[in-house]
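# A structural walkthrough
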Amino acid sequence: MNAVITAALPVFALILTGWLAARWRILGPAATDALNRYVVYLSLPALLFRAMTQVNLAQAAHWDFAAAFAGGIAVTFLASFLGARRSQPALTDRSIQGLAASYANAGYMGIPLCLALFGAESLAPATFTTLLTASVLFGFAIALIEFDRQQAPGIGATLLKVGRALMRNPLLAAPMLGLAWAYTGQPLPEGLDRYVALLGASASPCALVTIGLFLAQTETASSGPGVLRLVCGKLLLQPAVTALLAFYVFTMPPMWAWTAVLMSALPIGTGPFMLAAMYGRDARVTSRAILVSTVASVLTVSLLVAWISAHPLL
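Overview of the structure. All values reported here derive from a predicted model rather than from experimental measurement.

### Let's talk about the overall build of the protein chain
Looking only at helices and strands, one finds 14 helices and 0 strands in the protein chain. Scanning the protein chain from its N terminus toward the C terminus, one meets helices and strands in the order α-α-α-α-α-α-α-α-α-α-α-α-α-α. Counting only residues that meet the buried cut, the protein chain has 51% of its 314 residues in that class. Long-range contacts, defined as pairs at least 24 residues apart, comprise 84% of the intrachain contacts of the protein chain with a sequence gap of at least 6. Approximately 14,300 Å² of the protein chain is accessible, and the part contributed by carbon and sulfur atoms is 67%.

### Notes on a nonpolar patch on the surface
Where nonpolar side chains cluster on the molecular surface, the patch consists of Trp24, Ile26 and Leu27 and spans about 350 Å² of accessible area. By the secondary structure assignment, isoleucine 26 is in the loop between helix H1 (2–23) and helix H2 (29–53). Exposure remark for isoleucine 26: the relative accessible area of 60% places this residue in the exposed category.

### Digging into helix H12 (residues 254–264)
Burial analysis of H12 places 10 of its 11 residues in the buried class, the great majority of the element. Along H12, the residues classified as buried are Met255, Trp256, Ala257, Trp258, Thr259, Ala260, Val261, Leu262, Met263 and Ser264.

### Description of the environment of leucine 78
Structurally, leucine 78 is set in helix H3 (residues 63–83). Between the alpha carbons of leucine 78 and leucine 99 there is a distance of 9.3 Å; along the sequence they are 21 residues apart.

### Focus: the nonpolar core
Formed by 82 residues in total, the largest nonpolar core has its most connected members in Leu99, Leu262 and Leu275. Filtering out sequence-adjacent residues up to four positions away, leucine 99 remains in contact with Phe77, Leu137, Phe138, Ala141, Pro272 and Leu275. The next biggest cluster of nonpolar side chains, apart from the first, holds 6 residues, and it includes Ala46, Phe49, Ala174 and Leu188.

### Examining unusual backbone geometry
The backbone of arginine 25 shows a phi angle near 60°, a positive value even though the residue is not glycine. Secondary-structure assignment places arginine 25 in the loop between H1 and H2. For arginine 25, a relative accessible area of 79% translates into the label exposed.

### Some details on the pattern of salt bridges
Applying the stated criterion across every chain, the model contains 3 salt bridges. Of the charged contacts, one joins aspartate 282 and arginine 284 as a salt bridge, the two residues approaching to 2.7 Å between their closest N and O atoms. The partly exposed category is assigned to aspartate 282, whose relative accessible area is 49%.

### Observations regarding the packing of helix H9 (residues 190–201) against helix H10 (residues 203–217)
In a pair of packed helices, the angle between the axes and the distance between the axes together describe the arrangement. Taken N-terminus to C-terminus, the directions of H9 and H10 make an angle of 20°; their axes are 5 Å apart at the nearest point. Considering their axes alone, H9 and H10 lie roughly parallel with respect to each other. On H10, the residues that touch Leu199, Gly200 and Ala201 of H9 are Ala203, Ser204 and Pro205. A breakdown of the residues in the contact of H9 with H10 according to their chemical character gives 4 nonpolar, 2 polar and no charged.

### Overview of the packing of aromatic side chains
Considering all chains together, one arrives at 5 aromatic pairs under this definition. Summarising the aromatic geometry, the rings of tyrosine 103 and phenylalanine 138 are spaced 5.6 Å apart at their centres and angled 55° between planes, so their arrangement reads as tilted. With tyrosine 103 in the loop between helix H4 (91–102) and helix H5 (106–118) and phenylalanine 138 in helix H6 (residues 123–149), the pair connects residues that are 35 residues apart, well separated along the chain. Here phenylalanine 138 falls in the buried class, since its relative accessible area comes to 1%.

Criteria and cut-off values
Residues numbered from 1 in each chain as written. Predicted model: local features only at pLDDT ≥ 70, side-chain atom pairs only at ≥ 80, totals over all residues. Heavy atoms only, no water. Helix = DSSP H or I, 4+ residues; strand = E, 2+ residues; numbered from the N terminus. Buried < 20%, exposed > 50% of the residue type's maximum accessible area, 1.4 Å probe, protein only. Contact = heavy atoms within 4.5 Å. Areas by Shrake-Rupley, 256 points an atom, 1.4 Å probe, with all protein chains shown as cover. Patch = residues over 30% accessible without salt bridge, like charges linked within 9 Å, V, L, I, M, F, W, Y side chains within 5 Å. Salt bridge = Lys/Arg side-chain N within 4 Å of Asp/Glu carboxyl O. Core = buried A, V, L, I, M, F, W, Y, C linked by side-chain atoms within 4.5 Å. Axes fitted to C-alpha atoms, helices over the stretch in contact; angles between N-to-C directions. Parallel < 35°, antiparallel > 145°, perpendicular 65-115°, else oblique. Nonpolar A, V, L, I, M, F, W, Y, C, P; charged D, E, K, R; others polar. Phe/Tyr/Trp six-rings, centres within 6.5 Å; stacked < 30°, edge-to-face > 60°.

Now the structure itself:
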């Protein structure tokens, strides 16, 4: 319980900081847009690039683990994507809805929780889930959005425009460049590594403060069942599917299986909000779903941690 609160409290505090800054008129709407652009075009690409340069390609090749975690993501993404087809007919909006239901706050909350519960041995699978979430899932959602935005007469012309748009997108180009560097087997030069580490470290706090600013500057009316669908998908459906796959379909060490389940049970991260704001879509549902899922996860993740702690496989 203490580990959950310790990991979740900074998230609440940073969102509250942004909310208070807007309410007290310390920061206005212009700051919200500027902070969002800073995260999308500078800080988050640096974070993704550095994370991919440090990936251990040999250690990451645990295909059963990857299949179990990715399967939970895929089922949850598809359920939310299809569930939003009436209220959100545009492919862009449904893609953001699917992303929001399956995008875990892996780096900011998941890794500290895994280290507190399982120890240093969980760092490899926890890091791998973070990369799958922040790079593969994020890249897939961006590809769907760009396909919706870049459609032209003929499938060939459309795919060409989508490819060009994806290459120019910093949130996809940065991790691909980082992965290319990882293949060389060489560490980043010390000065460059320090630079991208400092730049990337500001991504999560700035994104969370931006959510607080956005929440304070938008209408307070409820977003209805959309928020409930995203929160239930993230906190209930995704960990349930992942557990089924990890324990009954694929084979892996118990600690890796429980790490997959715990990481899939985390609340929604800031990525969907950043993407909605980046493409000029309505971000009210995603911002509130992030807040509600984070609050609710104090209960749901605490129960899961208690269950894992009592499990004899540990």
